Amino acid sequence: MDNRAKSSVSLNDDPAFWADADKHLTRYGPAFEQVIIERAEGAYVYDADGRAILDFTSGQMSAVLGHTHPDIVATVNRQMASVAHLFSGMLSRPVVELAARLAALAPGLDRVQLLTTGAESNEAAIRMAKLVTGGHEIVAFAQSWHGMTGAAASATYSAGRKGYGPVSAGSYVIPAPNAYRPRFKHPDGSNDWQAELDDAFHLIDNQSTGNLAAFIAEPILSSGGILELPVGYLAALKKKCEERGMLLILDEAQTGVGRTGNMFAFQRDGVTPDIMTLSKTLGAGLPLAAVMTSAEVEEKAFEKGFLFYTTHVSDPLPAAVGVTVLDVVARDNLVEQAVTRGRRLKDGLLSLQQRFECVGDVRGRGLLLGLEVVTDRHSKAPGFELGARIMEEAMVRGLSMNIVKLPGMGGVFRIAPALTVTDAEIDRGVEIMADAIEAAQKGR
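Asks: Report on the packing of helix α11 (residues 334–355) against helix α13 (residues 423–442), specifying residues and quantitative values.
Replies: Orientation of α11 relative to α13, taken along the N-to-C sense of each, is 20°, at an axis distance of 10 Å. The orientation of α11 relative to α13 falls into the category roughly parallel. Classified by chirality, the crossing of α13 by α11 is right-handed. Along its contact with α11, which presents Arg341, Arg344, Leu345, Gly348, Leu349, Leu352 and Arg355, the element α13 presents Asp423, Ile426, Asp427, Val430, Met433, Ala434, Ile437 and Glu438. Grouping the constituent residues of the contact of α11 with α13 by class yields eight nonpolar, one polar and six charged.

Structure follows, in structure tokens:
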């Protein structure tokens, strides 16, 4: 793999390409990397110079099997030659097979609707919860990300709140537990998440008009800075919901399909949600999402005329890809590999914490980990600028990482390589991170 430094003349500096990009592309969020990606394979993407860039975010946290996995390529080719898209009222074998396979993996969530994106699946889940409960109030975490459409955007609090007018009526928020920066503390200084949860729901009860429908949560808040719900929290949250006649929706867009060391992150806690949404990892980089719920909830929704009818609902092509993803995950023991590879990666990140004072915290589970950058470890002062420099230095050295910046927190790297990542690739990534931190601190 060619990771040589850029020569004075780089094919990434194509003037016509960048002129067209500047003239015609809408700027929709992060600044574009100043490289042209020509192809991708496994854990790497390759720029116009043929330089290999180690991808530690799995594309948009989605390429759970790495890029251009041969089984996925074969499935796409085969299914495209058969049937890719149908009228939304027609069914195909891949759709029914994927639904049955998912239901078998998540007992109690026996009914499945297949959609395209995470936002779309959360829209459907929220819509279903409102219809079934008769309420309209939705509660989420203050560091959440559930999508950029309608009700999903109304339940997204980590970014994008300002400038777009009113959100959905009845949108409420509570803080997510943060062991590194606890708001409520036990006498020993540890996070008293139960007291925080009790306090939060006291405020929700005071605000509610008596129309609470659902709580939507990520088991690990990714865009919120890799905040993991502690053991016991999900059970306590489910109890709060049951006491108020609310449904619990778990958004497992990034935690599902093995990434955390369980097939679904909620399974560690033994707490089954009323509705679960999947996306990202389920399609391994292709647009595929699912809404899973119990037979009881689905029956109530059906009786009340549940309607969520989209152009690409139950499309055969992405469904066939989803079946292949589950096949590969099972065949190659990737859930177990997420545990072992995740432990190796976390040990590497902890070694960086021991070496560099700017690494304030390492957290997460399996192959969804976070590294928080601070300017002072004692005060935990946020290290936004330093984190940005580290990210730039890493990219120069051939490592792509994503950093999130949130008020009251440091810059947090979201580190989520594919489940197929090798020990050598993990070690190389940690080595590049060490070099990048050292260079960023020296101001090179």
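Asks: Mind laying out helix α12 (residues 384–396), listing which residues take part and the relevant values?
Replies: Under the 1.5 Å per step criterion, the end-to-end length of α12 is 19 Å for 13 residues, consistent within 8% with the ideal 18 Å. For α12, every residue scored as buried is listed here: Leu386, Gly387, Ala388, Ile390, Glu393, Ala394 and Met395. In the core, the buried residues of α12 are packed alongside β3 (52–55), β14 (368–376), β16 (399–400), β17 (402–405), β18 (411–415) and α13. One or two residues past the end of α12 sits Gly398, with phi positive at roughly 95°.

Asks: Could you give an account of the packing of helix α4 (residues 93–105) against helix α10 (residues 316–331), naming the residues involved and the relevant values?
Replies: Orientation of α4 relative to α10, taken along the N-to-C sense of each, is 40°, at an axis distance of 8 Å. Comparing their axes, α10 and α4 come out oblique. Between α4 and α10 the crossing geometry is left-handed. For the pair α4 and α10, the contacting residues are Pro94, Val95, Glu97, Leu98, Arg101, Leu102 and Leu105 in the first and Pro316, Ala319, Ala320, Gly322, Val323, Leu326 and Asp327 in the second. In terms of residue class, the contact of α4 with α10 is built from ten nonpolar, one polar and three charged.

Asks: Give me a nonpolar patch on the surface: which residues, what numbers.
Replies: Judged by side-chain polarity, Phe87, Met90, Leu307 and Tyr309 come together as a nonpolar surface patch covering roughly 470 Å² of accessible area. Tracing the backbone shows Leu307 in the loop between α9 (295–303) and α10. Using a relative accessible area of 53% as the deciding quantity, one classes Leu307 as exposed.

Rules used throughout
- Residues numbered from 1 in each chain as written.
- Predicted model: local features only at pLDDT ≥ 70, side-chain atom pairs only at ≥ 80, totals over all residues.
- Heavy atoms only, no water.
- Axes fitted to C-alpha atoms, helices over the stretch in contact; angles between N-to-C directions.
- Helix = DSSP H or I, 4+ residues; strand = E, 2+ residues; numbered from the N terminus.
- Parallel < 35°, antiparallel > 145°, perpendicular 65-115°, else oblique.
- Left-handed = near helix turned anticlockwise from the far one by under 90°.
- Contact = heavy atoms within 4.5 Å.
- Nonpolar A, V, L, I, M, F, W, Y, C, P; charged D, E, K, R; others polar.
- Expected span 1.5 Å × (residues − 1).
- Buried < 20%, exposed > 50% of the residue type's maximum accessible area, 1.4 Å probe, protein only.
- Patch = residues over 30% accessible without salt bridge, like charges linked within 9 Å, V, L, I, M, F, W, Y side chains within 5 Å.
- Areas by Shrake-Rupley, 256 points an atom, 1.4 Å probe, with all protein chains shown as cover.
- Salt bridge = Lys/Arg side-chain N within 4 Å of Asp/Glu carboxyl O.

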